[in-house]
Amino acid sequence: MVLRLTKDGLLACCFLCPPFCAITRAMLQLRGVNKFFADRQIFNAIDWHVRSGDRIGLCGENGAGKSTLLKLLAGRVEADSGQLQSAKGTTFGYLPQDGLEHRGRSLFDEVHSALEELLAIQAELSALETRLAASHSATDLDRYAELQTLFEDRGGYSMEAEVGKVLSGLGFSTSDYKRPCEEFSGGWQMRIALARLLLQRPTLLLLDEPTNHLDLPARNWLEDYLCHYPYAVVLVSHDRFFLDQVVGRIVEIWNGQLTEYPGNYSRYLIARDERVRALREAKRQQDDEIERIQAFITRFRYQANKAALVQSRVKQLDKIERISLPPERKRIAFSFPAPPKGGRIALELKKAGQSYGELQVLKDIDLVVEQGERIALIGPNGAGKSTLMRLLAGVEDPAAGERMTGHNLVQAYFAQDQAAELNPRRDVLAELSADSPYDMVPKLRNILGSFLFSGDEVEKPVRVLSGGERNRLALAKLLLRPANLLLLDEPTNHLDLQSKQVLLEALKGYKGTIVFVSHDRYFVDQLASRVLEIDAGRVESYFGNYEDFLRAKQKLGDLSHSSRRVEQVVSRSEGGSVQSRDDRRQGHAERKQQQRKQQKRERELKQLETEIEGLEKELSDIEQLMADPQLYQDQDKWRSASQSHRQVKDRLEERYKRWETLSESS
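Figured I'd write up the structure that's included with this text. (Residues numbered from 1 in each chain as written. Predicted model: local features only at pLDDT ≥ 70, side-chain atom pairs only at ≥ 80, totals over all residues. Heavy atoms only, no water.)

Scanning the protein for helices and strands turns up 21 helices and 20 strands. The 666 residues of the protein split such that 45% are buried. Here the analysis covers contacts within the protein between residues at least 6 apart in sequence; of these, 66% occur between residues at least 24 apart. Surface exposure of the protein reaches about 34,800 Å², of which carbon and sulfur atoms provide 48%. (Helix = DSSP H or I, 4+ residues; strand = E, 2+ residues; numbered from the N terminus. Buried < 20%, exposed > 50% of the residue type's maximum accessible area, 1.4 Å probe, protein only. Contact = heavy atoms within 4.5 Å. Areas by Shrake-Rupley, 256 points an atom, 1.4 Å probe, with all protein chains shown as cover.)

Counting residues in each nonpolar core, the largest one holds 52 residues, and the members touching the most others are Leu167, Leu198, Leu207, Leu226 and Leu235. Top element by residues in this core is helix H7 (residues 186-200). It accounts for 8 residues. Excluding residues within four positions of it along the chain, leucine 167 makes contact with Leu107, Phe108, Val111, Phe172, Tyr177 and Ala195. Of all hydrophobic cores here, the second largest spans 48 residues; its members include Val428, Ala476, Ala483 and Phe549. (Core = buried A, V, L, I, M, F, W, Y, C linked by side-chain atoms within 4.5 Å.)

Of all 5 residues in strand S8 (residues 204-208), 5 are buried; the element is thus mostly enclosed. Where S8 and strand S9 (residues 232-236) come together, 5 bridges link them in parallel fashion. Bridged to leucine 205 within S9 is valine 233. The β-α-β motif built from S8, the intervening helix H8 (residues 216-227) and the parallel element S9 has right-handed crossover chirality. (Pairing = 2+ DSSP bridges. Right-handed = clockwise from strand over helix to strand, strands pointing away.)

So, on to the packing of helix H10 (residues 265-300) against helix H11 (residues 307-319). Any two packed helices are characterised by the angle at which their axes cross and by the distance between the axes. Put simply, H10 and H11 touch, their axes get as near as 9 Å, and they point 150 degrees apart. With respect to H11, the element H10 is oriented roughly antiparallel. Judged by the sense of rotation from one axis to the other, the crossing of H10 with H11 is left-handed. On H11, the residues touching Glu289, Ile290, Ile293, Gln294, Phe296, Ile297 and Phe300 of H10 are Leu309, Val310, Arg313, Val314, Gln316 and Leu317. For the contact of H10 with H11, the class distribution of residues is 9 nonpolar, 2 polar and 2 charged. (Axes fitted to C-alpha atoms, helices over the stretch in contact; angles between N-to-C directions. Parallel < 35°, antiparallel > 145°, perpendicular 65-115°, else oblique. Left-handed = near helix turned anticlockwise from the far one by under 90°. Nonpolar A, V, L, I, M, F, W, Y, C, P; charged D, E, K, R; others polar.)

Another point: the packing of helix H6 (residues 159-169) against H7. At a minimum axis separation of 10 Å, H6 and H7 run at an interaxial angle of 135 degrees. When the axes of H6 and H7 are compared, the pair comes out oblique. As H6 packs across H7, the resulting crossing turns out to be right-handed. Listed contacts from H7 to Glu162, Val163, Val166 and Leu167 of H6 are Ala195, Leu198 and Leu199. Looking at side-chain class alone, the contact of H6 with H7 contains 6 nonpolar, no polar and 1 charged residues.

As a further point, take the pairing of strand S11 (residues 257-262). Where strand S10 (residues 249-254) lies against S11, 6 bridges are found, and the strand directions are antiparallel. What sits directly across from valine 251, in S11, is glutamate 260.

What follows covers unusual backbone geometry. The residue alanine 45 is not glycine, and still its phi comes out positive at about 50 degrees. The backbone of glutamate 209 sits at a positive phi, close to 55 degrees, despite the residue not being glycine. Note that glutamate 209 resides in the loop between S8 and H8. With a relative accessible area of 5%, glutamate 209 lands in the buried category.

This brings us to the pattern of salt bridges. Opposite charge on two side chains permits them to pair, given that their charged atoms come into close proximity. Across all of its chains, the model carries 35 salt bridges by this definition. For aspartate 288, the salt bridge is made with arginine 284, and the minimal N-O distance between the two is 3.1 Å. Of this pair, aspartate 288 and arginine 284 both sit in helix H10, 4 residues apart, which is roughly one turn of that helix. Its relative accessible area of 41% is what places aspartate 288 among the partly exposed residues. Classification of arginine 284 as partly exposed rests on a relative accessible area of 42%. With a closest N to O distance of 3.0 Å, lysine 617 and aspartate 621 form a salt bridge. Here lysine 617 pairs with aspartate 621, and both are found in helix H20 (residues 581-626), just 4 residues apart, close to one helical turn. For lysine 617, a relative accessible area of 52% translates into the label exposed. When salt bridges with common partners are traced through the structure, they connect Arg51, Asp54, Arg249 and Glu260 into a single cluster. (Salt bridge = Lys/Arg side-chain N within 4 Å of Asp/Glu carboxyl O.)

Time to look at helix H15 (residues 467-478). Between the first and last C-alpha of H15 there are 17 Å, a value that for 12 residues agrees with the 16 Å anticipated at 1.5 Å per step. Extensive coverage of H15 is indicated by the burial of 9 of its 12 residues. Along H15, the positions that sit buried rather than exposed are Gly468, Glu469, Asn471, Arg472, Leu473, Ala474, Leu475, Ala476 and Leu478. Taken together, the buried residues of H15 touch strand S16 (411-414), helix H13 (428-434), helix H14 (444-450), strand S17 (485-489) and helix H16 (497-508). (Expected span 1.5 Å × (residues − 1).)

Moving on to H8. Taking 1.5 Å per residue as the helical rise, H8 with its 12 residues ought to reach 16 Å, and the 17 Å between its terminal C-alpha atoms agrees with that figure. Counting buried positions along H8 gives 9 out of 12 residues, so the element sits mostly inside the fold. All of the buried residues in H8 are Leu216, Ala218, Arg219, Asn220, Trp221, Leu222, Glu223, Tyr225 and Leu226. The backbone nitrogen of alanine 218 has a side-chain oxygen 3.1 Å away, supplied by the residue at the start of H8, namely aspartate 215. (Polar contact = N/O pair within 3.5 Å; in protein donor to acceptor, adjacent residues only side chain to side chain.)

Scope: geometric values only; no functional claims are made or implied.
Here is the structure:
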């Protein structure tokens, strides 16, 4: 028996159908779900299940329906048709992308209130203690003992420590605990909501872009927390690094359908490309077959002696289930203009500092940016990354020290709020034209096309653009004038995974100097040649990419950037002094063995799928035969058919069980 959400939001009991029973560990299932927005179909008769302990990442283009699917699972929106069934005892926790606000309590009290069940037990224990001080009632003593055991089992005596652990992990300091919630900005409001959700520990955790407002240390902490979370997690994230570490299954939403891929995001990219290639080849073969059948019908349509053959071909054509190819994905595809030649040193800060009133943000910064470097600025929110970017860009003068530019420096600065600088009264093309040199005017539509603004979209008013569209337009404006120094403060904000990847490839091909801020660890790891860590007003330089930075912190004994991730990076190190040669050889052998096991599982899965398909066809044929009343006139034939039906069904059930076992182990 399961619980089903009815239209009025109540839970109703219903018996499991056989397909649901087969998925013994499923805690939630969608069956034949359709969802429309106006005349657009978001989901087309989708069937899907979530099992206890699943780690699922939802992927797809912006607007594909990722957030809608999370809202469906959370009961925030209703399906237009179909059923959502959940197992008894399933609790839901949902974090939207934005729009949450907390007020009226201090930070600690607000987050602490998420443990309402424990707080209720604590209040009852306190009341019982008062009563027991006056009279030693046996009933009260029994109830007190029962509640005390329950309170201890559920971590009641450590709940304040747990609140502190979660708040600290998400970047709050102890000095924030007594601050009223309304003093925190939108990004911190979402952290408060996430803290409450994690402390409630629902059996199905639904997270829509949980890393959007987190800096790198908080992302590392959340990643580690979710990897050890004891229940199911379904999430949407545009952080590839985060998806690779947390999820064990990717569900792609494409053309109203859900397609599952085992493994993390990197494995999904490979498997998806293979699937699309196979789909295209199958479509080509099907088109050839349809063309051949249609040619036969056209040739012999009016020949009486071929009428039966023509009708047979017509029926054959009607039975063909046409393969529908998904549309090609639109992506940003561009390259930066060739930069003008500059000097060896692009930019330099000497003993630079910045303060706002009594708040000292940066102090005694000595920094030389050399031509061709790709420097990533990292550090917790509020450490001064954007302040340093403004000093480098010359937007702010340093309160102390000096900023010196190199020979023939031509810079382009993309601020964190660059999209806010767009004129909302203009349309997309007019906004780009306003800052364009005369010789670039003929190329403007091509530039906009490469940033996904094509056709009538170039006439969309800036004021109606989404966050991602605004960022793409602001990035497009960087292409108007060649620069040899790019200063980019969070250029990947609001970009989906595919757009981030193409931006990354464009920056890799850029011949000038780049200084950038990003909380996307994959982006930092792939692009940076030097990492500057900003903390406590100081800047520490580490040569190499993000993994090199983590390795250096490990050697210094600093595990604040997630010890688990540091250990993973170090264990992957080839030729580093941290591992012995034997350890590396053993690790390589273990990886190869795991790879061989996985390949064997995949081969067996493929073979099982072929056998299951054949057995299902055989079973269907037998059932069609058994549906014929004439069969029962011959007892021998009926017994033979009945025995064959039982044998095929048993073999099919055996294959199903083996397939499920292999699927779960992979």
